Amino acid sequence: MALSILGQLAVIYLPPLQYIFQTEPLAVKDLLLLALLSSSVFVISEGKKFLQGHMSRRSGGRRGRNGGGLNKANKSEFYSV
């Protein structure tokens, strides 16, 4: 991921690559806005997972340590069908 970001910055800020890819440098303000917008999907997704887990615990719908998957007790039942 770091190499991808470095490559993108190189295309934006290195004059020979700017010429090839026809790009112009971005202001710091624009870079911060882009970082904020692109991270919003991550923040919203993590917030949704947190709230779902919080609501699940409040309603008593806790899942087991294995996340509600097959455990030793019900695995044999599942595979014997």
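All residue numbers refer to positions counted from 1 along the written sequence of the respective chain. Local features in a predicted model are, by the rule used here, given only for residues with pLDDT of at least 70; side-chain atom pairs are given and counted only at 80 or more, and totals for whole chains, interfaces and linings are based on all residues. Excluding hydrogens and water, the side-chain figures rest on all heavy atoms present in the structure.

### Some thoughts on helix H3 (residues 28-58)
Condition: Where helices and strands are cited, they refer to DSSP runs of H or I of at least four residues and of E of at least two residues respectively, numbered from the N terminus. Expected span of a helix: the number of residues minus one, times 1.5 Å.
Taking 1.5 Å as the rise per residue, H3 with 31 residues should run 45 Å; its terminal C-alpha atoms sit 43 Å apart, in good agreement. Directly beyond the C-terminal end of H3, a positive phi value near 80 degrees is found at glycine 60.

### A look at the side chain of glutamine 18
Which entries qualify depends on this criterion: Side-chain atoms alone can form a polar contact between residues adjacent in sequence; in general such a contact is a pair of N or O atoms within 3.5 Å, and within protein one must be able to donate a hydrogen while the other accepts it. Only heavy atoms enter the contact rule, under which two residues are in contact if any of them lie within 4.5 Å.
By the secondary structure assignment, glutamine 18 is in helix H2 (residues 15-21). At 2.6 Å, the side chain of glutamine 18 and the backbone oxygen of isoleucine 12 are in polar contact. Apart from the residues within four sequence positions on either side, glutamine 18 is in contact with Val11, Ile12, Tyr13, Thr23, Glu24 and Pro25.

### Here we look at the confidence of the model for the protein
For the record, the criterion: pLDDT measures how confident the predictor is about each residue, on a scale from 0 to 100.
The share of residues in the protein with pLDDT of 70 or more is 74%, and the mean pLDDT across the chain is 82. At the low end of the mean pLDDT range in the protein sits helix H4 (residues 72-79), at 57; at the high end sits H2, at 96.

### Looking at a nonpolar patch on the surface
The cut-off we apply is this: Only residues above 30% relative accessible area that lack a salt bridge enter a patch, with like-charged residues linked at up to 9 Å and the nonpolar side chains Val, Leu, Ile, Met, Phe, Trp and Tyr linked at up to 5 Å. Using a 1.4 Å probe, the Shrake-Rupley method yields the accessible areas, and only the shown protein chains count as cover for residues. For salt bridges, the criterion is a side-chain nitrogen of Lys or Arg within 4 Å of an Asp or Glu carboxyl oxygen. Partly exposed residues are those whose accessible area sits between 20% and 50% of the maximum for their type, while under 20% is buried and over 50% is exposed, using a 1.4 Å probe and protein chains only.
On the surface, Met1, Leu3, Ile5, Leu6, Leu9 and Tyr13 cluster together to form a nonpolar patch covering roughly 670 Å² of accessible area. Within the element layout of this structure, leucine 9 appears in helix H1 (residues 2-13). With a relative accessible area of 33%, leucine 9 lands in the partly exposed category.

### Observations regarding the pattern of salt bridges
With the rule as written, the count across this model stands at one salt bridge. For lysine 49, the salt bridge is made with glutamate 46, and the minimal N-O distance between the two is 2.9 Å. Here glutamate 46 and lysine 49 lie together in helix H3, a separation of three residues that amounts to about one turn.

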